[in-house]
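Geometric and topological summary
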Amino acid sequence: MNKIPGGVCAAKGFTAAGVHCGIRKNRTKRDLALIVSEVRGAAAAVYTQNLVKGAPLMVTREHIADGYAQAVVCNSGNANTCNANGIEIAEKMAAITADALGISASDVIVASTGVIGQPLDIEPIAAGVPEAAKLLGDCGADAAEAIMTTDTVKKEVSYSFEVGGALCRIGGIAKGSGMIHPNMATMLCFITTDVSISPEMLNKALKSDIIDTFNMMSIDGDTSTNDMCSIIANGMAGNAEITAEGADFDAFKAALRAVTDELCRMLAADGEGATKLLECHVAGAPDKATARTVAKSVVCSSLLKAAMFGADANWGRVLCAIGYSGADIDVTKIALSFKSAAGELAVCENGAGIDFSEDVAKVVLSESEIEINIDLCQGSECALARGCDLTYDYVKINGDYRT
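Residues numbered from 1 in each chain as written. Predicted model: local features only at pLDDT ≥ 70, side-chain atom pairs only at ≥ 80, totals over all residues. Heavy atoms only, no water.

Before going further, it helps to spend a moment on the sheet that holds strand β12 (residues 343-349). Each strand in a sheet pairs with its neighbour through backbone hydrogen bonds, running either in the same direction (parallel) or in the opposite one (antiparallel). Taken in spatial order, the six strands of this open sheet run β13-β12-β11-β14-β10-β15, and their pairing is mixed. Edge positions in the sheet fall to β13 (352-353) and β15 (381-388), since each of these pairs with one other strand and no more. Two elements, β12 and β13, share two bridges in a ladder whose sense is antiparallel. Counterpart to E349 in the pairing with β13 is A352. Contacts from helix α7 (residues 288-300) reach β10 (277-285), β14 (369-375) and β15 within the one sheet, and its direction differs from that of β15 by about 20°. Contacts from helix α8 (residues 302-309) reach β10, β11 (335-340), β14 and β15, with the element oriented near 125° to β10. (Pairing = 2+ DSSP bridges. Helix = DSSP H or I, 4+ residues; strand = E, 2+ residues; numbered from the N terminus. Contact = heavy atoms within 4.5 Å. Axes fitted to C-alpha atoms, helices over the stretch in contact; angles between N-to-C directions.)

Evaluation of the coordinates by the stated rule reveals zero disulfides. Left unpaired, C348 is separated from the closest cysteine sulfur, that of C377, by 9.6 Å. Look at C348 and you get buried, because its relative accessible area is 1%. (Disulfide = S-S within 2.5 Å. Buried < 20%, exposed > 50% of the residue type's maximum accessible area, 1.4 Å probe, protein only.)

Moving on, we get to the nonpolar core. In this structure, I170, I197, F214 and F252 are the most contacted members of the largest nonpolar core, which totals 38 residues. Counting residues per element, the ones that place at least two in this core are β3 (32-47), β6 (155-163), β7 (166-175), β8 (188-193), α5 (199-209), β9 (228-233) and α6 (247-269). With ten residues, α6 is the largest single contributor of residues to this core. Not counting residues up to four positions away in its chain, the partners in contact with F252 are F161, I170, T193, V195, I197, L202, A205, I231 and I242. Grouped together as the second largest cluster of nonpolar side chains are 36 residues, L278, V318, L345 and A361 included. (Core = buried A, V, L, I, M, F, W, Y, C linked by side-chain atoms within 4.5 Å.)

Below, the discussion takes up the side chain of Q70. Looking at where Q70 falls in the secondary structure, it is placed in strand β4 (residues 68-78). Ignoring sequence-local partners within four residues, the contact set of Q70 consists of I35, V36, S37, E38, V39, R40, I103, D107 and I232.

Attention now moves to unusual backbone geometry. One non-glycine residue with positive phi stands out, namely N350, at about 50°. Here N350 shows up in the loop between β12 and β13. A residue is classified by how much of its surface remains accessible, and N350, at 58% relative accessible area, is exposed. Notably, C377 is not glycine yet its phi reads approximately 55°, a positive angle. Residue classification places C377 among the partly exposed positions, given a relative accessible area of 40%.

A separate point is the packing of helix α2 (residues 86-101) against helix α3 (residues 122-134). At their nearest, the axes of α2 and α3 sit 9 Å apart, and the two run at 25° to each other. Here α3 runs roughly parallel to α2, going by the angle between their axes. For the element pair α2 and α3, the recorded crossing hand is right-handed. Here I89, K92, M93, I96, T97, A100 and L101 of α2 come into contact with α3, specifically with I122, I125, A126, V129, P130 and A133. The residue inventory of the contact of α2 with α3, partitioned by class, reads eleven nonpolar, one polar and one charged. (Parallel < 35°, antiparallel > 145°, perpendicular 65-115°, else oblique. Left-handed = near helix turned anticlockwise from the far one by under 90°. Nonpolar A, V, L, I, M, F, W, Y, C, P; charged D, E, K, R; others polar.)

Taken across its 16 residues, β3 has 13 buried, putting it largely inside the fold. Relative to β3, strand β2 (residues 14-19) runs antiparallel, the two being bridged by six bridges. Directly across from G18, in β3, lies its bridge partner A33. In this structure, β3 lies alongside β4, joined through seven bridges in antiparallel fashion. Pairing of L34 across the sheet is with V73, part of β4. Where β3 and β9 come together, six bridges link them in antiparallel fashion. Each residue of the ladder has a partner; that of A42, found in β9, is A233.

What follows concerns α5. Within α5 the residues assigned to the buried category are P199, M201, L202, A205, L206 and D209. Buried residues of α5 fall within an arc of 165° about the axis and therefore sit on the same side. Summarising the contacts, the buried residues of α5 are in contact with β3, β4, β9 and α6. (Arc of directions from axis to C-beta.)

For the rest of this paragraph, the subject is the pairing of β6. Counting buried positions along β6 yields seven of nine residues, so the element is predominantly enclosed. With two bridges joining them, strand β1 (residues 2-3) and β6 adopt antiparallel strand pairing. Bridge pairing in β6 places N2 opposite S160. Across nine bridges, the pairing between β6 and β7 is antiparallel. Paired with F161 across the two strands is C168, which belongs to β7. With antiparallel pairing between neighbouring strands as the criterion, β6 and β7 make up a hairpin whose turn holds two residues, including G164 at a positive phi of roughly 55°.

This is the structure we're talking about:
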């Protein structure tokens, strides 16, 4: 597997574009993205577990119920959620896109992100989609920019890999900086691949992947209303179609994991107001579920996140989060250390504190990437959860997000 340029345009037969259509007042910010495949492909998606869901998710779920899609249209600046005419607007977005591309509206994945509860005017989108369609090309970076809200950097990645001797490619873009919390979805993510795979196996691969990637990430404890991760596989790589488990399916899953894992890392590092990426590694768990439960509980702790912002080795907050996680473990066996590019510092053994240098701790925890390493010493299973520190800027950003 090799990292390659291109993002969502890396796979054969995919083009993209991003334009400013007028949803955002700032004309320097793109706010409408298109991603298009030359041919109709297998499609799958996972959606937020929030009961309040954006209209685009409901429309997308209906559109890809047959397992196929050919294009993605996404606007930023307005979530199209909790609007009386939300479904109608989302359907119009699909119809406008279909007309501009000469495809069926039922083959369009629709997404929106931004402020909740604000009416979404279809006119800017009606004007912007044809413009974007004319600009379709190797413009994955423009599409990645167009889906951003409070993100500070574009998030895109792509890889090449082999399936049954055929050269295949997979790429993705994502947005997400706030309102991110475990248990799918956690953001908007669009993945494209030229692998030939059945809709059933594509769906199986995506749903199994998110358990240890997007479902193991938290920025602020809030699960968004519009979160979705979708994937289109157009089959243009020419490999024998993947219709069952085996070596080819494993190769595809590994490539998918490479994309989603890196996007997760980017998302966590770019949390609203964040100065540090936090990775909680749990080892020695009696089973996978326990490992995941502990890792997520720790990375979701607001107190721990605040301590990491201040480079304060307040390890008791880690033990506290483990204790209320609901995991059935013996807390008297836990070992804990903090690690960064500046070194590793053990702070707890057998569930109790050990002597350490506060000066060394300050140096270790002042780096931009921090590992929280937990050994439960009660088995062989492990898990990884990602998040970020909690800073003053998070409150500033969300204090006036709408106004």
